[in-house]
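So the chains spell out like this:
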Amino acid sequence: MNKHIKIIMIQVIFLVLVFSILYFLYPRTNVEVEGNLVNFRSVNANVIIISESPDFSNPRYLDLAEGKNASINLKPGAYYWKAGNNLIQGWRRAFKIDSEVGMEIKKEENESELVNIGNVKINVTKSKEGTMIGYIILEPNQSEEIEDSGKYTGRQE
Amino acid sequence: MKKKLLIIILVSLFAMLVIPKVDALGVTPGRTTLDYKQGLEQEVAFSVLNNEHKNMQVLLMVQGDLNDSVTLFENMVEFLPSEESKHFKYKVKLPDRIAKDPGLHTAEIVVLEIPKASDEGTYVGATVAVVSQLHIYVPCPGKCIDADLNVLDAEQNSTATLIVPVTNRGKLGIGEARAVIDIYTKLNEKVETLETDYAAIGAGKRTELSAKWQINVPPGGYLAKVTVFYDEESKSFEKQFAIGSQILSIESILVNNFQLGQIAKLQILVENKYNEELKSVFANLLVYNYEEQVMADLKSATENIPALSKKELIAYWDTVGVEEGEYNGKLMVRYGQKSTDRNLILKVSEDSLDITGVGYAIRPQGREGISVTTILLVLVIILLVVNLAWFVFFRRFMGKKKQPKASGRVIKA
């Protein structure tokens, strides 16, 4: 009976030891998303693996500098990521960058300009008295001269 | 006194005429995508952005084929200049009828700025509306897909990565999906045929197929004709893309031991992707203050960079008088009459300088360690083996111990 207790105790100690090692070596990383900018702050990771697919097909590898911080600008969408160091690769986690549809009409004395101030490509339809009369495709920060009349409706392309 | 008043009125009038009037409006998210579930009822959040911080009245409307299934909690909203954004919700209750109609179903939340009426009561000028879309995908009964093409690093004399993201919109899993990409010039001449890797895609799941292309064609516009083969079916689409001619690329910027108020050393790693030595290459970093004026103009020493190699350019920034905060910057690496530019954000704090915009590098796999799942799996196997060994050993040991006792009984009988 004593032998059984000994073996169980050895296994418990072994498990505690393994989990403690895992806890200390696990690449602990936090992520903050500010607009399109994603900031990773880590204690002991040296790489962040990012993918748009949960299966991490075609991942990007973001090297963490000596300060253990790294930032990356990403287009809107859902992303999966995991932190890694030379020993352990962490669990899969996810974050989302929301798309923003934004438009601005700059009206000057003789001309008007429509600017895409959002973070995605937009399709802008122009309508007059309820009838659509044309459309413009605008990339982020792109602008186009327009007539100062009618209704301009922008939607994500 | 009268003269002063007249000047103020004239200046105000001039300002009203010269300073452009701006109408701005935004909404986020631009699109919310949900998978169809029978009887789905869900609240979806969105925000309207008052980018210009002005007084405005906004009208919220619903349109699209699912407009009967979407209920807005508010229709008319007032914004004050102090309100940068306002958060709203709408309720979506999916009708059963769309279950028989596989594919995309949409609703649009239209946010319209109500134009201010003129003195005569009429609306003058163009008006702006922005849309937050709701996309509902009803799965098809068999196998069907959505696919797109993204071309990364499309530069002459470099290796481009062509990625075909594929989403399985069917109820059945796809055993094997692959894509063939034919690349054509604008004159419809085929210049390359690429085959991607293979992948299985579960029902409702997404994966990315990829192929590499060593670009040896001139810069310019190209057309990719993509055919995705999934099990016995296929889907084709076309997409235009451009190939650039970047010769020099900015790989990273490193700042070690930064202390605000001292001279910071910036190590800018650049790669010559051209097959000839580039002479007199130097980096020029412009840092802008909050008024978008150049507050620092840093230049590195000139260097010659051998063909297809990397070199570090060193620039120094005297940060005396620089305050903590976030600054915009522009890094230009100049060679001959040409330049490779990159916009940056510099986050300055007392003991750190974080530069974003170039801080990442794509590099081959191999240094990221063993996955925790694998470690736990190995741990479970070890414990299983130990316990099994213990069990086997214990049974044999006990069996040997019991044998003499049994023979003793026979003797007694």
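In the block above lies the structure referred to throughout.
Residues numbered from 1 in each chain as written. Chains lettered and ligands numbered in written order. Predicted model: local features only at pLDDT ≥ 70, side-chain atom pairs only at ≥ 80, totals over all residues. Heavy atoms only, no water.

S.K.: Would you explain the environment of Leu149 of chain B in this entry?
M.R.: All names here are of chain B. Relative to the helices and strands, Leu149 is located in the loop between strand 10 (145-147) and strand 11 (150-152). In this structure, the C-alpha to C-alpha distance between Leu149 and Phe241, residues 92 residues apart in sequence, is 9.4 Å. Each residue touching Leu149, except ones within four places of it in the same chain, is listed here: Leu162, Ile163, Val164, Pro165, Ile181, Ala224, Val226, Phe237 and Lys239. (Helix = DSSP H or I, 4+ residues; strand = E, 2+ residues; numbered from the N terminus. Contact = heavy atoms within 4.5 Å.)

S.K.: What is the right way to look at the side chain of Gln267 of chain B in this model?
M.R.: All names here are of chain B. Within the fold, Gln267 resides in strand 20 (residues 263-272). For Gln267, a relative accessible area of 13% puts it in the buried group. Engagement of the side chain of Gln267 in a polar contact is seen with the side chain of Glu312, the distance being 3.4 Å. In contact with Gln267, not counting residues within four places along its chain, are Ser252, Ile253, Leu254, Asn256, Glu312, Leu313 and Ile314. (Buried < 20%, exposed > 50% of the residue type's maximum accessible area, 1.4 Å probe, protein only. Polar contact = N/O pair within 3.5 Å; in protein donor to acceptor, adjacent residues only side chain to side chain.)

S.K.: When you look at the sheet that holds strand 24 (residues 310-318) of chain B in this model, what are you seeing that I'm missing?
M.R.: Two orientations exist for strands paired in a sheet by backbone hydrogen bonds: parallel and antiparallel. Residues and elements named next belong to chain B. Judged by pairing direction, the sheet is antiparallel, and its three strands sit side by side in the order 19-20-24 without closing on themselves. In this open sheet, the two strands that pair with only one neighbour each are strand 19 (248-255) and strand 24. Recorded for the sheet is a direction-independent mean angle of 25° between the axes of neighbouring strands. Inspection of the sheet shows strand 20 paired to strand 24 by nine bridges, in the antiparallel sense. By the bridge assignment, Ile263 is partnered in strand 24 with Asp318. (Pairing = 2+ DSSP bridges. Axes fitted to C-alpha atoms, helices over the stretch in contact; angles between N-to-C directions.)

S.K.: I'm lost on the pattern of salt bridges in this one. Help?
M.R.: Side chains that differ in sign of charge can pair as their charged atoms come close. Evaluation of the coordinates by the stated rule reveals 21 salt bridges over all chains. Notably, a salt bridge pairs Lys107 of chain A with Asp23 of chain B, separated by 3.0 Å at the nearest N-O pair. With Lys107 of chain A in strand 9 (residues 101-107) and Asp23 of chain B in strand 1 (residues 21-28), the pair connects residues from two separate chains. Asp23 of chain B sits in the buried class, given a relative accessible area of 12%. Salt bridges linked by common partners bring Lys107 and Asp148 of chain A together with Asp23, Lys54 and Glu113 of chain B together as one network. (Salt bridge = Lys/Arg side-chain N within 4 Å of Asp/Glu carboxyl O.)

S.K.: Explanation requested: the interface of chain A and chain B in the structure shown.
M.R.: Facing 65 residues of chain A, the contacting portion of chain B comprises 60 residues. At the junction of chain A and chain B, the tally comes to three salt bridges. A salt bridge links Glu52 of chain A to Arg206 of chain B; the shortest N-O distance between them is 3.8 Å. Linking chain A with chain B are 22 residue pairs in polar contact (both at pLDDT 80 or more). For the side of chain A that touches chain B, the secondary structure elements donating two or more residues are helix 1 (2-25), strand 2 (37-42), strand 3 (47-51), strand 4 (60-63), strand 5 (69-73), strand 7 (88-89), strand 9 and strand 14 (151-156) of chain A. When residues in the side of chain A that touches chain B are grouped by element, the largest group, ten residues, is from helix 1 of chain A. Across the side of chain A that touches chain B, the residue classes tally to 23 nonpolar, 22 polar and 20 charged. Here strand 7 of chain A runs beside strand 28 (residues 370-371) of chain B; their pairing, made up of two bridges, is parallel. Considered in strand 28 of chain B, the bridge of Gln89 of chain A is made with Ser371 of chain B. (Nonpolar A, V, L, I, M, F, W, Y, C, P; charged D, E, K, R; others polar.)

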